[in-house]
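What the coordinates show
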Amino acid sequence: MALNYKARRRWSLVILLIGLPAYIVVAVSVVNMIDRPPIWLELLIYIGLGIVWALPFKAVFKGVGQADPDAPQDDQD
């Protein structure tokens with residue numbers, strides 16, 4: 001089921017305002033459970049986790065910053 005533009009905008013806000021902070025808390029908690037790795041490895045883990053969270057939501061975020069393609073065109077020349 002494809003989401004329309006307004007639904008994608010709403011879901012992207014929910015993901016960014018609620019989902020992302022929750023994901024950050026979970027990611028930091030999981031990394032803190034293991035013994036402190038070397039700083040370079042810890043940096044790689046955080047970079048990987050920073051990329052992985054967005055992959056499932058790629059379709060939701062695609063085109064959200066553009067003008068609404070479903071809006072009626074208002075051509076007044």
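Described in the following lines is the structure provided in the data block. Fair warning: this is a prediction, and the values are worked out from it, not measured in the lab. (Residues numbered from 1 in each chain as written. Predicted model: local features only at pLDDT ≥ 70, side-chain atom pairs only at ≥ 80, totals over all residues. Heavy atoms only, no water.)

1. Regarding the side chain of Glu42
- Inspection of the secondary structure puts Glu42 in helix 2 (residues 39-52).
- Excluding residues that lie within four positions of it along the chain, Glu42 makes contacts with Val31, Arg36 and Pro37. (Helix = DSSP H or I, 4+ residues; strand = E, 2+ residues; numbered from the N terminus. Contact = heavy atoms within 4.5 Å.)

2. Quick word on a nonpolar patch on the surface
- Where nonpolar side chains cluster on the molecular surface, the patch consists of Ile39, Trp40, Leu41, Leu43, Leu44, Ile47, Ile51 and Leu55 and spans about 850 Å² of accessible area.
- As for its placement among the helices and strands, Leu55 is situated in the loop between helix 2 and helix 3 (58-61). (Patch = residues over 30% accessible without salt bridge, like charges linked within 9 Å, V, L, I, M, F, W, Y side chains within 5 Å. Areas by Shrake-Rupley, 256 points an atom, 1.4 Å probe, with all protein chains shown as cover. Salt bridge = Lys/Arg side-chain N within 4 Å of Asp/Glu carboxyl O.)

3. Structural notes on the pattern of salt bridges
- Throughout the structure, instances matching the rule amount to one salt bridge.
- A salt bridge links Glu42 to Arg36; the nearest nitrogen and oxygen atoms lie 2.9 Å apart.
- Look at Arg36 and you get exposed, because its relative accessible area is 65%. (Buried < 20%, exposed > 50% of the residue type's maximum accessible area, 1.4 Å probe, protein only.)

4. Brief notes about the packing of aromatic side chains
- Inspection of every chain in the model, using the stated rule, returns one aromatic pair.
- Ring geometry for Trp53 versus Phe61: centroids 6.2 Å apart, planes at 80°, classification edge-to-face.
- The class for Phe61 is partly exposed, based on a relative accessible area of 25%. (Phe/Tyr/Trp six-rings, centres within 6.5 Å; stacked < 30°, edge-to-face > 60°.)

5. Regarding the packing of helix 1 (residues 5-33) against helix 2
- For the pair helix 1 and helix 2, the least separation of the axes is 11 Å and the interaxial angle reads 150°. Overall, the two elements helix 1 and helix 2 adopt an arrangement that is roughly antiparallel. At the point where helix 1 passes helix 2, the crossing takes the right-handed sense. Every residue of helix 2 that contacts helix 1 at Tyr23, Ala27, Val28 and Val31 is listed here: Glu42, Ile45, Tyr46, Leu49 and Val52.
- Partitioning the contact of helix 1 with helix 2 into residue classes produces eight nonpolar, no polar and one charged. (Axes fitted to C-alpha atoms, helices over the stretch in contact; angles between N-to-C directions. Parallel < 35°, antiparallel > 145°, perpendicular 65-115°, else oblique. Left-handed = near helix turned anticlockwise from the far one by under 90°. Nonpolar A, V, L, I, M, F, W, Y, C, P; charged D, E, K, R; others polar.)

6. Some remarks on the environment of Tyr46
- For Tyr46, the position within the fold is in helix 2.
- On the accessibility criterion, Tyr46 (29% relative accessible area) is partly exposed.
- Sequence-wise, Tyr46 and Leu3 are 43 residues apart; in three dimensions their C-alpha atoms are separated by 30 Å.
- What Tyr46 contacts, discounting residues up to four positions off in sequence, is Val28 and Val31.

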